[in-house]
Amino acid sequence: MRGPTDAEALQRVLSAALGSREPVGPLAQLGAGDDALSALDPAVLERPTLVGGAALYHPTGPAPTAHTVDELVRRAEALDVPQILVPHVRRTDDPGALRSAGFVPVAAGAECVVRLTGDVDELLRARVGGRGQRALRRSHAALSRDLTWERIRLSELGGAPWARDAFVELHRRRAERHGGGHNPYGAEALDALAGGVLAERTEMLVRRRGDSAVHVALTVRSHNGRGLYHLTQAADPDDPAADSDLHATALYGLCLDARRSGLHWVHLGPGEARDMRRHGADLFVPLDHWLRAEGLTAREEAPGESALSRFAAPPVTTVPVPGPARARHQPRFDTIDLSSNTNPFLGTAGQYPHLDTAELAETYLSTISGLPGHEDTGALTPDHLLFSSGSVDGVMLLLAALASPGESVCVTPPTFPLYAHFARLLRLPLVEVPLRGDDLSELDTERILAADPRVTILCDPNNPVGTRLDPAQVRALVTGTRGLVVIDEAYVEFSEKPSYAGLVAEHDNLIVLRTLSKAWGLAGARCGIALAQPGIIDALRRVQVPFGFTDASQSAVRDRLIGARRVLASIRHIRAERDRMARILAEHPAVERVFPSDANFLLVRLHKHERVMEQLHDAGIVVADVGFLIPGTCRVSIGNRRANDALLAAFSAAV
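Residues numbered from 1 in each chain as written. Predicted model: local features only at pLDDT ≥ 70, side-chain atom pairs only at ≥ 80, totals over all residues. Heavy atoms only, no water.

Q: Pulling in residues and values, what's your account of the overall build of the protein?
A: Per the secondary structure count, the protein includes 23 helices and 21 strands. For the protein, the spread of C-alpha atoms along the principal axes amounts to about 90 × 55 × 45 Å. Within the protein, the proportion of its 655 residues that are buried is 52%. Put simply, of all contacts in the protein between residues at least 6 apart along the chain, 73% involve residues at least 24 apart. Charge separation in the protein, taken as the distance between the mean sites of 71 positive and 80 negative side-chain charges, equals 4 Å. (Helix = DSSP H or I, 4+ residues; strand = E, 2+ residues; numbered from the N terminus. Buried < 20%, exposed > 50% of the residue type's maximum accessible area, 1.4 Å probe, protein only. Contact = heavy atoms within 4.5 Å. Lys, Arg positive; Asp, Glu negative; His and termini not counted. Charge placed at Lys NZ, Arg CZ, Asp CG, Glu CD.)

Q: Lay out the pairing of strand 14 (residues 455-459) with the relevant residues and their values.
A: Within strand 14, five of the five residues are buried, which leaves the element mostly enclosed by the surrounding structure. The alternating pattern of strand 14 places Val455, Ile457 and Cys459 and Thr456 and Leu458 on opposite faces, both of which are buried. Where strand 14 lies against strand 15 (residues 484-488), five bridges are found, and the strand directions are parallel. Note on strand 15: the bridge partner recorded for Val455 is Leu484. Assessed by its sense of winding, the connection that carries the chain from strand 14 through helix 18 (residues 471-480) to strand 15 is right-handed. (Pairing = 2+ DSSP bridges. Right-handed = clockwise from strand over helix to strand, strands pointing away.)

Q: Give a description of the side chain of Glu489 that names residues and reports values.
A: The residue Glu489 is located in the loop between strand 15 and strand 16 (510-515) in this model. In terms of polar contacts, Glu489 uses its side chain to reach the side chain of Ser499, at 2.7 Å. Here the side chain of Glu489 touches Tyr500 through a polar contact of 2.7 Å, landing on its backbone nitrogen. Residues within four places of Glu489 in sequence aside, it is in contact with Asp460, Ser499, Tyr500, Ala501, Val512, Leu513 and Arg514. (Polar contact = N/O pair within 3.5 Å; in protein donor to acceptor, adjacent residues only side chain to side chain.)

Q: Break down the sheet that holds strand 19 (residues 601-606) for me, citing the residues and quoting the values.
A: Overall, antiparallel pairing links the four strands, which are arranged 18-19-21-20 in an open sheet. What marks the edges here is a single partner per strand, and that holds for strand 18 (591-594) and strand 20 (624-625). Both strand 20 and strand 21 (residues 633-637) contribute to a ladder of two bridges, which runs antiparallel. By the bridge assignment for strand 21, Asp625 is matched with Cys634. Along the sheet, helix 22 (residues 609-618) makes contact with strand 19, strand 20 and strand 21, crossing strand 19 at roughly 130 degrees. (Axes fitted to C-alpha atoms, helices over the stretch in contact; angles between N-to-C directions.)

Q: Quick one: what's the story with the sheet that holds strand 11 (residues 385-388), residue by residue and with numbers?
A: In space, the seven strands of this open sheet follow the order 11-17-16-15-14-12-13, with mixed pairing throughout. Both edges of this open sheet fall to strand 11 and strand 13 (430-432), since each of them pairs with a single strand only. Pairs of neighbouring strands in the sheet enclose a mean axial angle of 20 degrees, with direction left out of account. Inspection of the sheet shows strand 12 (residues 409-411) paired to strand 14 by three bridges, in the parallel sense.

Spelled out as structure tokens, the structure:
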């Protein structure tokens, strides 16, 4: 918990659970059920340990300051306790004071949060699929019919002694089922919580079958009033409802109630992302326990910020990442934010978007690693990725961050016109080296290298042609040039040939641009992706305007990535329809040639270009007239069967 008063209250609860005046006990007892702590040396586990921070309960506390750490050390010395544990510290916090005082981090999984950005059922449908979401809703409805559901404010628990007794008994039985370890929610702990400052914000939830309580839970409203901490659950294993996954349906009910109450998040506690996603979690913050103990050796520190790329333009090297973006690794869902000068009375639209997109980046990389042609992307991390407002925005960012006036940009026409457009806007000399070959798929590598450009931008699959470049030539260019090579892979998911994303980890001069507008069907979300080595990503972030990636876009992207199976099915359908259209158009009397395509469109050269374009216009069909790039051609997107057949009919009318 972010509030120090709340953390102190939880320390008193732990002391009561341990039956002592101070939160001190053997680490083996304190860490019962915690795999990270249980794996420590037996000698360490048996020593008495003082617990600081927000105790061992689910909410996380802030990393303590140097003053707080000094007080904790003095407290341990006064109690003659040889070890100190500060549990559940976010890895995004600054642990400098802990490390300086001899504390060692022990990886503790992640805290998991459901951000309630929309309808709960829609959110879960994206996480677990339609079938899983419907099963969960049916189970919740069935339990609501079979069991009564009561909510008791903990400050009023004295008026419901039956609920207190049931809570204590079900938690005692839960501890027995887990090997008889420490029960943090015995009678003394519950009474301490009910008598403390958290009592007004804490509710006990009880499900009863008749007069018997079969399920209990505790929740605490956050100190900023925006969310809910889920502290604990315990169920009667002998009740028939135990087989229907009471835990999952209870969390579902919590999210429904929280959403109806206008709350913005539910904190589910520590866990694994894979398991917690099925409960709706979409924010995962890595945690560490920090332990000061004799004989405990610190693991090697993770490397700090990557060195800025050698390709960064001189002005970029003199400025930091803009202020808000520097806090991108610090989730603020449970803080009181008085830093942004926004209107607090008009709902969530008055809040700036989340900047902590590392988990979303991890989701993207994990998703694409399973796509054909992406087997080599496993070495990429969130530090290799930047989200932008569409991949076109990525082009503007990289030219601004990595090229200076007078340094040239090479493009390979026919290609996407906005590359040259942005180069001219930024007053960068433009070098054009046309593609060669009948299919416009061959680079003039020697000429590009001779021009020695600062940046070469390739489009692969090519827009507007649809063909793939010769991979040997692309690799020769990446290894042979002194400058940067940018490969725009906006359409690569429609190709069965490999992506270049896997090469990013090997070459500091390679940038791969991706988009979720095309194959992923999220043009309205405006999400582009730049993949490059961390030093380049840092340079791009110094130029990027903060908060351009909205919460709504993040939510849409997350849901689409998790529902990738549907996307892959649609891509297969588009490929099949593309091949059907290519065969039919190739035989059409109005068509001179259909170019090979690895994209979701076809480049078509027409016998009577102007007449066909007029006929399509009259039929209410819009295609891209790219005759200014390749004479006599148009680019036809692959639509659904009905739209494609309408196009064919309009073509026939133009003969």
